[in-house]
Amino acid sequence: FQVILAQDGEQAWALVQQCQPALVLCEAMLTGMDGLALLRRMKRMPEIRHIPLVLMGTSNDPGEIQRFTTHGAAAFIRKPFTPDEVARHCQHLLHR
């Protein structure tokens, strides 16, 4: 994988538009713009709405996780997680 890092939600949004990656891994609680706001912006733009976004966070609230997937998140990975778990999600999403 080629990884591009963003420091906050606004930078992530700019990079998604500029680079149009195959997949976005995003912390649910970002500074400035959170992961759900980034997801909503992505889904409003036809040229990038197809890019899967995986949110990561500490939430154990089924309602909150459901809200993420209802808005179009491809997956939610609960912290703590292993690198193998993240890789499995990425492989699955990139090869479907």
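If you're wondering where the values come from, they're calculated on a predicted model, not measured in any experiment. (Residues numbered from 1 in each chain as written. Predicted model: local features only at pLDDT ≥ 70, side-chain atom pairs only at ≥ 80, totals over all residues. Heavy atoms only, no water.)

1. Digging into the packing of helix α1 (residues 9-19) against helix α2 (residues 35-44)
Working step 1: Two numbers describe how α1 lies on α2: the axes approach to 10 Å, and their chain directions differ by 25°. Between α1 and α2, the interaxial angle falls into the category roughly parallel. The way α1 lies across α2 gives a crossing that is right-handed. Contacts between α1 and α2 involve E10, A12, W13 and V16 on the former and, on the latter, L38, R41 and M42.
Working step 2: Residue composition of the contact of α1 with α2, grouped by class: 5 nonpolar, no polar and 2 charged. (Axes fitted to C-alpha atoms, helices over the stretch in contact; angles between N-to-C directions. Helix = DSSP H or I, 4+ residues; strand = E, 2+ residues; numbered from the N terminus. Parallel < 35°, antiparallel > 145°, perpendicular 65-115°, else oblique. Left-handed = near helix turned anticlockwise from the far one by under 90°. Contact = heavy atoms within 4.5 Å. Nonpolar A, V, L, I, M, F, W, Y, C, P; charged D, E, K, R; others polar.)

2. Describing the side chain of S59
Working step 1: Along the polypeptide, S59 turns up in the loop between β2 (53-57) and α3 (62-70).
Working step 2: Not counting the four nearest positions on each side in its chain, S59 is found in contact with E64, I65, F76 and R78.

3. Observations regarding the environment of R41
Working step 1: One can find R41 in helix α2.
Working step 2: Note: C-alpha distance between R41 and W13 (28 residues apart in sequence) is 8.1 Å.
Working step 3: With near-sequence residues (within four places) excluded, R41 lies in contact with E10, W13 and M33.

4. Considerations on the pairing of strand β3 (residues 75-78)
Working step 1: Here 4 bridges tie β2 to β3, and the two strands are oriented parallel to one another. When the sheet's bridge partners are listed, V54 is paired in β3 with A75.
Working step 2: What joins β2 to β3 is α3, and the crossover it makes is right-handed. (Pairing = 2+ DSSP bridges. Right-handed = clockwise from strand over helix to strand, strands pointing away.)

5. Thoughts on the pairing of β2
Working step 1: For β2, the buried fraction is high: 5 of the 5 residues fall into the buried class.
Working step 2: Burial of the side chains of β2 extends over both faces: L53, L55 and G57 are buried on one face and V54 and M56 on the other.
Working step 3: Relative to β2, strand β1 (residues 24-27) runs parallel, the two being bridged by 4 bridges. Among the inter-strand pairings, C26 is bridged to a residue of β2, identified as L55.
Working step 4: Taking the sense of rotation as the criterion, the β-α-β connection linking β1, α2 and β2 turns out right-handed. (Buried < 20%, exposed > 50% of the residue type's maximum accessible area, 1.4 Å probe, protein only.)

6. A short note on helix α4 (residues 83-94)
Working step 1: Its 12 residues give α4 an end-to-end C-alpha distance of 16 Å, which sits within 8% of 16 Å, the value for a rise of 1.5 Å per residue.
Working step 2: If you check which residues of α4 are buried, you get V86, C90 and L93. Along the axis of α4, the buried residues cluster in a sector spanning 70°; they form a single face. Of the exposed residues in α4, the ones pointing more than 90 degrees away from its buried face are D84, R88 and H92.
Working step 3: In this structure, the buried residues of α4 make contact with β1, β2 and β3. (Expected span 1.5 Å × (residues − 1). Arc of directions from axis to C-beta.)

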